[in-house]
Amino acid sequence: MPVYSLASLTWTAVRELPAARTVAVLPAGAIEAHGPHLPLATDVIIAEAMARAGADRLAARGLHVLLLPALTIAPAPFAAEFAGTLDVPPEATTMIVGAVLKNLAAHGCRAAAIANAHHDPAHVAALRRAVSEMDRPGGLAAVFPDLTRRRWAERLTAEFRSGACHAGRYETSIVLAERPDLVRTDVMSTLAPNPHSLVDAIRDGRTTFASAGGPDAYFGFPAEATAEEGRAIVATLGDILADAVVEAIEPTGVAS
Ligand SMILES: [Zn+2]
């Protein structure tokens, strides 16, 4: 079955889709500092790659997939002190995502999945709230494979699992695969390793990248990034998204 860009369709084309076999995918990113080598839109680029990869897998299982325009503005308090970062209240994200999910439910979609690449705790909590408000049987299945949960994280790279997972090898590899024109490879190759764990820093009460040990808004090992690794990660992210959707809707056998 095909993957559609919702924004490119006419309303009549959407009306003709078999809603009960249609799944929407919402990429969620941010505009925030990602080291001196990656663009502010890094999480948008990663979220869109995850959404496309997941959509391809779901379409191959016989579902119609609507790719939604990405959420690009998000709460980003950890990066707020860095130039260019846009940081909005988490309530704004919960309201927008919640409303979008209700719209999709009203249109009859079977499921809506969030492809999130922005792991600031404020943003993850805002998404969780929006999804939990939709969490009732019988209607739209709201699916949020939260990559900060062990279940999904264990399928990702060692650096991601270590918590040094912002603008490091993991994220830089994906941007090298998706948008190599936007990576400052001359800067990237000079960046010293920064193994500080954001997970540990958050546990210790830190609330900004600088106080967490990332004065240049990067963590991990960006100099080791490769496009090849980025392509492999995107494939895994697509598997995770598709697995989460199938798991949510399988009891009704819709994906057959
Ligand atoms: Zn990021």
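Presented here is a report on the structure given in the accompanying data block. (Residues numbered from 1 in each chain as written. Predicted model: local features only at pLDDT ≥ 70, side-chain atom pairs only at ≥ 80, totals over all residues. Heavy atoms only, no water.)

So, the coordination of the zinc ion
Right, so step 1: Protein ligation of the zinc ion involves His-34 (NE2), Asp-43 (OD), Glu-171 (OE) and Glu-171 (OE), the donor distances falling in the range 1.9 to 2.5 Å.
Right, so step 2: Around the zinc ion, the four donor atoms are arranged such that angles at the metal cover 55 to 138 degrees; this shape is classified as irregular.
Right, so step 3: Sequence spacing among the residues donating to the zinc ion works out to H-x8-D-x127-E. (Donors = N, O, S within 2.8 Å, 3.2 Å for Na, K, Ca; no water. Tetrahedral: all angles 85-135°; square planar, octahedral: opposite > 155°, others 65-115°.)

Overview of the pattern of salt bridges
Right, so step 1: Across all of its chains, the model carries eleven salt bridges by this definition.
Right, so step 2: Linking Glu-250 and Arg-61 is a salt bridge whose minimum nitrogen-to-oxygen distance equals 3.7 Å. Within this pair, whereas Glu-250 is found in the segment after α10 (227–249), its partner Arg-61 is found in the loop between α2 (42–60) and β3 (64–67), the two being separated by 189 residues in sequence.
Right, so step 3: The partly exposed category is assigned to Glu-250, whose relative accessible area is 41%.
Right, so step 4: The closest approach of N and O atoms between Asp-186 and Arg-184, which form a salt bridge, is 3.3 Å. (Salt bridge = Lys/Arg side-chain N within 4 Å of Asp/Glu carboxyl O. Helix = DSSP H or I, 4+ residues; strand = E, 2+ residues; numbered from the N terminus. Buried < 20%, exposed > 50% of the residue type's maximum accessible area, 1.4 Å probe, protein only.)

Examining the packing of aromatic side chains
Right, so step 1: Here the structure, examined in full by the defined rule, presents three aromatic pairs.
Right, so step 2: Taking 5.7 Å as the distance between ring centres and 50 degrees as the angle between the ring planes, the aromatic pair formed by Phe-78 and Phe-209 counts as tilted. Linking Phe-78 in the loop between β3 and α3 (90–106) with Phe-209 in the loop between α9 (198–203) and α10, this pair joins segments that are 131 residues apart in sequence.
Right, so step 3: Overall, the relative accessible area of 7% leaves Phe-78 in the buried class.
Right, so step 4: When the centroid spacing of 4.7 Å and the interplanar angle of 45 degrees are considered together, the rings of Phe-160 and Tyr-170 count as tilted. Separated by ten residues along the polypeptide, Phe-160 in helix α6 (residues 158–162) and Tyr-170 in helix α7 (residues 169–178) bring together distant segments of the chain. (Phe/Tyr/Trp six-rings, centres within 6.5 Å; stacked < 30°, edge-to-face > 60°.)

Topic: the nonpolar core
Right, so step 1: Within the largest apolar cluster, 38 residues are counted, with the highest numbers of intra-cluster contacts made by Leu-58, Leu-147, Tyr-170 and Leu-237.
Right, so step 2: Counting residues per element, the ones that place at least two in this core are β2 (22–28), α2, β3, β4 (111–116), β5 (141–143), α5 (150–153), α7 and α10.
Right, so step 3: At ten residues, α10 tops the list of elements feeding residues into this core.
Right, so step 4: The residues contacting Tyr-170, other than those within four sequence positions of it, are Leu-147, Leu-156, Thr-157, Glu-159, Phe-160, Ile-233 and Leu-237.
Right, so step 5: Ala-24, Leu-26, Ala-28 and Leu-127 belong to the second largest nonpolar core, which has 21 residues in total. (Core = buried A, V, L, I, M, F, W, Y, C linked by side-chain atoms within 4.5 Å. Contact = heavy atoms within 4.5 Å.)

A few points about unusual backbone geometry
Right, so step 1: One non-glycine residue, Ala-167, adopts positive backbone phi at about 65 degrees.
Right, so step 2: Among the secondary structure elements, Ala-167 is positioned in the loop between α6 and α7.
Right, so step 3: Under the relative-accessibility criterion, Ala-167 is labelled buried at 0%.
Right, so step 4: Here Ala-217, not a glycine, exhibits a phi torsion of approximately 65 degrees, which is positive.
Right, so step 5: By relative accessible area, Ala-217 is classed as buried at 1%.

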